[in-house]
Amino acid sequence: MATFVSEGHDIFAAIHGNLGIDNDRALIDRLWNNYVAAWYEGGKDDPKLVLLRLDAEHAEIWKGGSSLWAEVKTLFGGAGPSRLFSVIAACVTRWSLSNTV
């Protein structure tokens, strides 16, 4: 599972799926730039370079409504985030993030 919280803490997301290594050379070539190159002395063939692929099976996105009380309830096993925030903005099933790259 991967989670996301926006900088303003008004948008939340939870993504469930399978994470794996996908070192597709064409994708590495497409994503490669000077910023990435600065981290890998061996270039595109550096053994430390790894691409991760998340094949999402289910995702939920919530918008706003956070309060300190809601966060405390969540931490201590109270109602889940979808019950504490104002609305589930989106719910997606059987979706692959790799299709958006």
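Let me begin by describing the structure that accompanies this report.

Analysis parameters
Residues numbered from 1 in each chain as written. Predicted model: local features only at pLDDT ≥ 70, side-chain atom pairs only at ≥ 80, totals over all residues. Heavy atoms only, no water. Helix = DSSP H or I, 4+ residues; strand = E, 2+ residues; numbered from the N terminus. Buried < 20%, exposed > 50% of the residue type's maximum accessible area, 1.4 Å probe, protein only. Contact = heavy atoms within 4.5 Å. Areas by Shrake-Rupley, 256 points an atom, 1.4 Å probe, with all protein chains shown as cover. Polar contact = N/O pair within 3.5 Å; in protein donor to acceptor, adjacent residues only side chain to side chain. Salt bridge = Lys/Arg side-chain N within 4 Å of Asp/Glu carboxyl O.

Tallying secondary structure elements over the protein chain gives four helices and four strands in all. The buried share among the 101 residues of the protein chain stands at 22%. Across the protein chain, contacts joining residues at least 24 apart in sequence account for 65% of those joining residues at least 6 apart. When the accessible area of the protein chain is evaluated, it comes to approximately 7500 Å², of which 57% is carbon and sulfur surface.

The residue D46 is located in the loop between α2 (34–37) and β3 (52–63) in this model. A distance of 3.0 Å separates the side chain of D46 from the backbone nitrogen of G42, its partner in a polar contact.

Turning our attention to the pattern of salt bridges. If you walk through the whole model with that rule in mind, you get five salt bridges. The salt bridge involving R53 is made with D22; its shortest N-O contact spans 3.6 Å. Here R53, found in strand β3, pairs with D22, found in the loop between β2 (11–21) and α1 (25–31); they are 31 residues apart in sequence, far enough to count as distant. Linking D29 and R25 is a salt bridge whose minimum nitrogen-to-oxygen distance equals 3.3 Å. Taken together, the positions of D29 and R25, both in helix α1 and four residues apart, correspond to about one turn of that helix. Judged by its relative accessible area of 38%, R25 is partly exposed. When salt bridges with common partners are traced through the structure, they connect R25, D29, K44 and D45 into a single cluster.

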